[in-house]
Amino acid sequence: MEKTEAYLFTHFKGTQKTPDDEQVYFAVSRDGYKWQNLNGGRPVLRSTLGEGGVRDPHIIRKRDGSGFFLIATDLYIYGKWGENKEGWYRCQREGSRSIMIWKSDDLVNWSEQRMVKVAPDDASCAWAPECIYDEKAGDYFVYWSSRCGFDGFAKQRIYSAHTKDFREFSEPKLYIERDFSVIDTTILPENGKYYRLTKDHDETSIFMEVGTETEGEFAELKDFTMKGKAGYEGPTMYRMNDGETWCMLLDAFATDGGYQPFITKDLDSGIFTPQEGFKTPDPFRHGTVMPITASEYERLIEKYGIEE
């Protein structure tokens, strides 16, 4: 595969106040900090199944490099639930147990959307699905957050399943449980380890852990820069194309501050430094950044056009 020289950001938009906010948007960047919309700032993928809206899109390059999978939450606050407190309460107790899936060989031609149930039968939502390739299992490890009926939907937990093709999934298993609600888990495989960020939903802060197997023991990094700092969600991490820097993005949702970048050259330390110069043309909400090659960057611009 060619070396990566740019970045693709898949995300949804804004504050769910228009019909299009909860769909899939693409943006690109040369440096990983300054972003430009594709497709005139309009959705690239629209949900026509389930609730009719999607949030939290996550994209992954296939293990063999032959294509991409994109998965997302089946949730449409604007169109179905209402943005008020009652709407948010109901969608966590009466929501979809399925995730949405698209496939592409080249980032510009996408398959028909598919809707696949992944959560337990008594679950009331399947939120913020993400995935990584599991080296030990030889398949893709998919994880998301759900509330379940066995405890009266008391709190969010992280569940997981395995898949080889994003069509057939193993039975869901409990993956992360704490005394508090946990959501928005993201995992970065690097250097034979797995670095895991998760939101403490009750405290609205992010904590960081590290392990050597996807389903093995994880140890919390006590010196993590953002530990206990409230007001953040939707974490994502990516290796910069210099090969020696990692960027963590956190959505400062409590202050409407949008995504804020923090960088490190030592993931094991948990110490991240705020980075200046991060700019998006409009509010990006919970998504994923993926390094892409120069030819992929040019192909995306040729297909969708870029906003200057």
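Rules behind the numbers
Residues numbered from 1 in each chain as written. Predicted model: local features only at pLDDT ≥ 70, side-chain atom pairs only at ≥ 80, totals over all residues. Heavy atoms only, no water. Buried < 20%, exposed > 50% of the residue type's maximum accessible area, 1.4 Å probe, protein only. Helix = DSSP H or I, 4+ residues; strand = E, 2+ residues; numbered from the N terminus. Arc of directions from axis to C-beta. Contact = heavy atoms within 4.5 Å. Core = buried A, V, L, I, M, F, W, Y, C linked by side-chain atoms within 4.5 Å. Salt bridge = Lys/Arg side-chain N within 4 Å of Asp/Glu carboxyl O.

Right, let's talk about helix α3 (residues 294-304) for a bit. Looking at α3, one finds that the buried residues are E296, Y297, L300 and Y304. One face of α3 carries all of its buried residues, which in axial projection span an arc of 105°. Structurally, α3 contributes buried residues whose contacts are with β1 (4-13), β2 (25-29), β3 (36-37), β4 (54-61), β5 (68-74) and β20 (284-293). Residue G305 follows α3 closely and has a positive phi angle near 75°.

Among the nonpolar cores identified, the biggest contains 23 residues, and L8, F26, L107, W110 and L300 are the most heavily contacted of them. At the level of elements, β1, β2, β4, β5, β6 (98-104), β20 and α3 are the ones that each hand at least two residues to this core. Residues within four places of L107 in sequence aside, it is in contact with L8, F26, I59, F68, M290, I292, E296, L300 and Y304. Core analysis: the second largest hydrophobic core is formed by 19 residues, A119, A123, V142 and Y159 among them.

Time to look at the environment of A294. Along the polypeptide, A294 turns up in helix α3. Considered as a pair, A294 and N241 are 53 residues apart in the sequence and their alpha carbons are 12 Å apart. Among all residues touching A294, those that are not within four sequence positions of it are K3 and E5.

Overall, the coordinates contain 24 salt bridges when judged by the stated rule. Between E135 and R63 there is a salt bridge, with the nearest N and O atoms lying 2.8 Å from each other. With E135 in the loop between β8 (127-134) and β9 (139-146) and R63 in the loop between β4 and β5, this residue pair connects regions lying 72 residues apart in the sequence. When its relative accessible area of 45% is taken as the criterion, E135 is described as partly exposed. We note a salt bridge from E190 to R239, for which the minimum N-O separation is 3.5 Å.

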